[in-house]
Amino acid sequence: MRFFEETAPYSFHKFIGDYLINKCLFFDAKSHLHKAERLLPDQEDPELYVLIAVANSHLENVLTSNQYARRALRIFQEKLYYSRIIECEIILASNYTFVNEYQQAKEQLERIESLIDHKFEKHSKVKINFHLSLINAMQNNYGEAIQLLKENLETDVNETELMHSRYLLAHTYYITDRFDEALELIETGRTLAQAHQLNYYLIKFKSLKLVIEKKSEDLVDFLNKSALPFFKVTGQAFDLRYYYQLLGYTLYNMKKYKRAAEVLMVADEQRRRFWNTI
C-alpha cells in the first residue's frame, strides 16, 4: 500500500476515498478525496467530483455536495456520458431531502426514473427507489415505502448496494408494528454486514433490535459506548442527531429526566448546527 501511495498518490487517495465511502466512513473519505484533488489542481476529473459530492451528501454538506455534483454533471454532459449524468442528477435530487424539500426531491427523482431503462440501469433504479422510499417514510406513506424497498431487495445487484434499503425496510416494519418481519430483516442484515465488515450497519441493526426488544438499559449502554462514538468519528450528521434523540427519549422513558434533557439539548444543537451551515 505504501508503494502505491508513493508511486501513484492521486490514484491512491482516490481509491482509498472510494473504498471508505463504501464502508460509510465519510469524514476520512472526504479527507483522502480532497488530497487527491490537491494533487492535480489543473485537471478536472468528474469521477473524483462525484465521489466528493457523495461524501459531502452523506455528511449533509449540501452546498458543497451540489457544487461538485454540478461540476461533474457539466463534464459528463459535454461527453454525453449518459449513466454518469444520471448519477449526478440523483445526487442533486436526493440532497433536497436534507433541507426538507421533499416534494422537490420526489419530482426530480421521478423525472430521472422516467428517463432511465430499468432493465439496464438497475443500480440507478435501486438508488432512486431508496430515496423515494425514504421520502415516503418521512411523510408517513409507509405502504409505498415498503413496496419500493421490497422491489429493491429483489433486484440483482451487489448485496452491499442494498444495505440502505434493507435497513430502512426493517425500520419501516418496526414503525408499522410488524416486529417479526423487522427482526428477520435485522438478522439477515447483521449477517451481511458482518461478512462485508460494515460497522455502520452492524451498529444500526443492533440499535434497532434493542429498540424492538425494549431492552432500555442495554440500548443506553450501546448508544453511549458504541453508536454515538462511532458517528462522531464518521460524521453522519443525520445519524448522530437521530441516536442522540433516541438516547434522550429512552432515558426519559426510564424516568432519568435530567440526563434525558441534557442529551436532547445536544441533539437540538446538532440540528441547529446543520441549519446554520447549509
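The preceding data block contains the structure.
First things first, this report covers the structure right here in the doc. (Residues numbered from 1 in each chain as written. Predicted model: local features only at pLDDT ≥ 70, side-chain atom pairs only at ≥ 80, totals over all residues. Heavy atoms only, no water.)

### Describing the overall build of the protein
- Per the secondary structure count, the protein includes 15 helices and zero strands.
- Its C-alpha atoms give the protein a radius of gyration of 19 Å, within 12% of the compact-globule value 19 Å for 278 residues.
- Principal axes of the C-alpha set define a box for the protein whose edges measure 60 × 40 × 40 Å.
- The 278 residues of the protein split such that 49% are buried.
- Considering only contacts within the protein whose residues lie at least 6 apart along the sequence, 53% involve residues at least 24 apart.
- Surface exposure of the protein reaches about 14600 Å², of which carbon and sulfur atoms provide 51%.
- Computed over 36 positive and 38 negative side-chain charges, the separation of the two mean positions in the protein equals 6 Å. (Helix = DSSP H or I, 4+ residues; strand = E, 2+ residues; numbered from the N terminus. Rg over C-alpha atoms; globule rule 2.2 N^0.38 Å. Buried < 20%, exposed > 50% of the residue type's maximum accessible area, 1.4 Å probe, protein only. Contact = heavy atoms within 4.5 Å. Areas by Shrake-Rupley, 256 points an atom, 1.4 Å probe, with all protein chains shown as cover. Lys, Arg positive; Asp, Glu negative; His and termini not counted. Charge placed at Lys NZ, Arg CZ, Asp CG, Glu CD.)

### Examining the packing of helix α2 (residues 9-22) against helix α4 (residues 46-58)
- Following both chains from N to C, one finds α2 and α4 inclined at 35°, their axes separated by 10 Å at the closest point. Taken as a pair, α2 and α4 cross one another with a handedness that is left-handed. Taken together, the residues of α4 that come into contact with α2 (itself represented by Y10, K14, D18 and I21) are E47, L48, L51, V54 and A55.
- Its residues assigned to classes, the contact of α2 with α4 comprises six nonpolar, no polar and three charged. (Axes fitted to C-alpha atoms, helices over the stretch in contact; angles between N-to-C directions. Left-handed = near helix turned anticlockwise from the far one by under 90°. Nonpolar A, V, L, I, M, F, W, Y, C, P; charged D, E, K, R; others polar.)

### Notes on the nonpolar core
- Core analysis: the largest hydrophobic core is formed by 71 residues, its most contacted members being I21, Y201 and F231.
- Broken down by element, this core gets its largest block of residues, nine residues, from helix α12 (residues 199-212).
- Those residues in contact with Y201, other than ones at most four positions away along the chain, are C24, M163, H164, Y167 and A193.
- If you look at the next biggest cluster of nonpolar residues, it comprises twelve residues, including I86, I90, I116 and L132. (Core = buried A, V, L, I, M, F, W, Y, C linked by side-chain atoms within 4.5 Å.)

### Quick look at the pattern of salt bridges
- Throughout the structure, instances matching the rule amount to 18 salt bridges.
- R178 is the salt-bridge partner of E181, the closest N and O atoms lying 2.8 Å from each other.
- Within this structure, E44, R74 and E78 form a network of salt bridges that share partners. (Salt bridge = Lys/Arg side-chain N within 4 Å of Asp/Glu carboxyl O.)

### Focus: the side chain of S124
- Checked against the element boundaries, S124 lands in helix α8 (residues 122-138).
- Contact partners of S124, with chain neighbours within four places excluded, come to I86, I90 and I116.

### As for the environment of F27
- Note on placement: F27 falls in helix α3 (residues 26-39).
- For F27, a relative accessible area of 38% gives the class partly exposed.
- The spatial distance from the C-alpha of F27 to the C-alpha of Q236 is 8.4 Å, given a sequence separation of 209 residues.
- Apart from residues lying up to four places away in sequence, F27 is in contact with L59, K232, V233, T234 and G235.

### Here's the deal with helix α10 (residues 163-175)
- For α10, which comprises 13 residues, the first-to-last C-alpha distance of 18 Å matches the rise-based estimate of 18 Å (1.5 Å per residue) to within 8%.
- α10 sits mainly inside the fold: ten of its 13 residues count as buried.
- Every buried residue of α10 is accounted for by M163, S165, R166, Y167, L168, L169, A170, H171, T172 and Y173.
- Once α10 finishes, D177 follows within two positions and takes phi at roughly 65°, a positive value. (Expected span 1.5 Å × (residues − 1).)

### Quick notes on the environment of N136
- By the secondary structure assignment, N136 is in helix α8.
- Separated by 130 residues in sequence, N136 and V266 place their C-alpha atoms 28 Å apart.
- Other than its neighbours up to four places away in sequence, N136 contacts K106, N141, Y142, E144, A145 and L148.

### Examining α3
- Taking 1.5 Å of rise per residue, 14 residues should cover 20 Å, and α3 covers 20 Å from first to last C-alpha, within 8% of that figure.
- Elements in contact with the buried residues of α3: α2, α4, α5 (62-79) and α13 (216-234).

### Considerations on unusual backbone geometry
- Look at E60: it is not a glycine, yet its phi comes out positive at around 65°.
- The residue E60 is located in the loop between α4 and α5 in this model.
- Positive phi, close to 55°, is recorded for L80, a residue that is not glycine.
- Residue classification places L80 among the exposed positions, given a relative accessible area of 72%.

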